[in-house]
Amino acid sequence: MTGAYDPGAGRGAAGGPARDEAAELAAALGEPSWQAPRVTPLDRRLAVDRDSVERGLASLVLTVIELLRQLMERQALRRVDLGDLTEEQVERIGMTLMALEEQMAGLREYFGLAPEDLNLDLGPLGPLLPTD
């Protein structure tokens with residue numbers, strides 16, 4: 001039965017104490033005895049304050065919005081290049097994208113974020129947003 005209480009958990013096959021495989025491995029490698037790391041309460045490990053949480057959340061949300069804005073802009077440019085939009089549609093899309101970019105700039109300023117703060121580093125994949 002899965003998830004049931006097992007009174008023998010943490011005990012070896014003969015009912016004695018469980019083997020400490022990490023300590024045995026450390027001894028076999030000639031290392032000093034291994035001890036499990038001491039876990040400290042979360043509030044002691046992380047300095048969490050309202051401002052940093054708010055700024056971090058704003059940065060994450062604005063990053064997603066900026067990624068979508070750039071994707072919409074690229075799609076609009078493709079459609080303009082293909083010639084399947086009227087002049088009025090091109091004008092409306094341009095005005096909308098400019099307004100969205102202005103709103104993004106205002107939100108970045110409000111939360112004290114620079115444009116590069118929204119570009120997540122994905123390690124070996126490089127930055128999330130193009131730097132053009």
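Placed above this text is the structure.
Worth saying up front: this structure is predicted, and the values here are computed from it rather than measured.

**What about the overall build of the protein chain?**
Item 1. From N to C terminus, the protein chain includes four helices and zero strands.
Item 2. Starting at the N terminus and walking to the C terminus, you meet the elements of the protein chain as α-α-α-α.
Item 3. For the protein chain, the exposed area adds up to about 10900 Å²; of that, 58% sits on carbon and sulfur atoms.

**Thoughts on the pattern of salt bridges**
Opposite charge on two side chains makes pairing possible when the charged atoms of those side chains draw close.
Item 1. Following the criterion strictly, the structure yields six salt bridges and no others.
Item 2. Where Asp-117 meets Arg-55, a salt bridge forms, and the shortest distance between an N and an O atom there is 3.8 Å. Taken as a pair, Asp-117 in the segment after helix 4 (87-110) and Arg-55 in helix 3 (residues 50-82) lie far apart in primary sequence, 62 residues in all.
Item 3. Residue classification places Asp-117 among the partly exposed residues on the basis of a relative accessible area of 33%.
Item 4. A salt bridge links Glu-73 to Arg-69, with the shortest nitrogen-to-oxygen separation between them at 2.7 Å. Pair noted here: Glu-73 and Arg-69 are both in helix 3, with a separation of four residues, about one helical turn.
Item 5. Residue class for Glu-73 comes out partly exposed when judged on its relative accessible area of 30%.
Item 6. If you follow the salt bridges from partner to partner, you end up with Glu-66, Arg-69, Glu-73 and Glu-101 in one network.

**Focus: the packing of helix 3 against helix 4**
Item 1. At a minimum axis distance of 11 Å, the contact between helix 3 and helix 4 shows a crossing angle of 160 degrees. On the basis of the axis angle, helix 3 is roughly antiparallel to helix 4. Crossing of helix 3 over helix 4 shows left-handed handedness. Taken together, the residues of helix 4 that come into contact with helix 3 (itself represented by Leu-62, Ile-65, Glu-66, Arg-69, Met-72, Glu-73, Ala-76 and Val-80) are Val-90, Ile-93, Leu-97, Leu-100, Glu-101, Met-104, Leu-107 and Arg-108.
Item 2. Among the residues forming the contact of helix 3 with helix 4, the class breakdown is eleven nonpolar, no polar and five charged.

So, how was this worked out
Residues numbered from 1 in each chain as written. Predicted model: local features only at pLDDT ≥ 70, side-chain atom pairs only at ≥ 80, totals over all residues. Heavy atoms only, no water. Helix = DSSP H or I, 4+ residues; strand = E, 2+ residues; numbered from the N terminus. Areas by Shrake-Rupley, 256 points an atom, 1.4 Å probe, with all protein chains shown as cover. Salt bridge = Lys/Arg side-chain N within 4 Å of Asp/Glu carboxyl O. Buried < 20%, exposed > 50% of the residue type's maximum accessible area, 1.4 Å probe, protein only. Axes fitted to C-alpha atoms, helices over the stretch in contact; angles between N-to-C directions. Parallel < 35°, antiparallel > 145°, perpendicular 65-115°, else oblique. Left-handed = near helix turned anticlockwise from the far one by under 90°. Contact = heavy atoms within 4.5 Å. Nonpolar A, V, L, I, M, F, W, Y, C, P; charged D, E, K, R; others polar.

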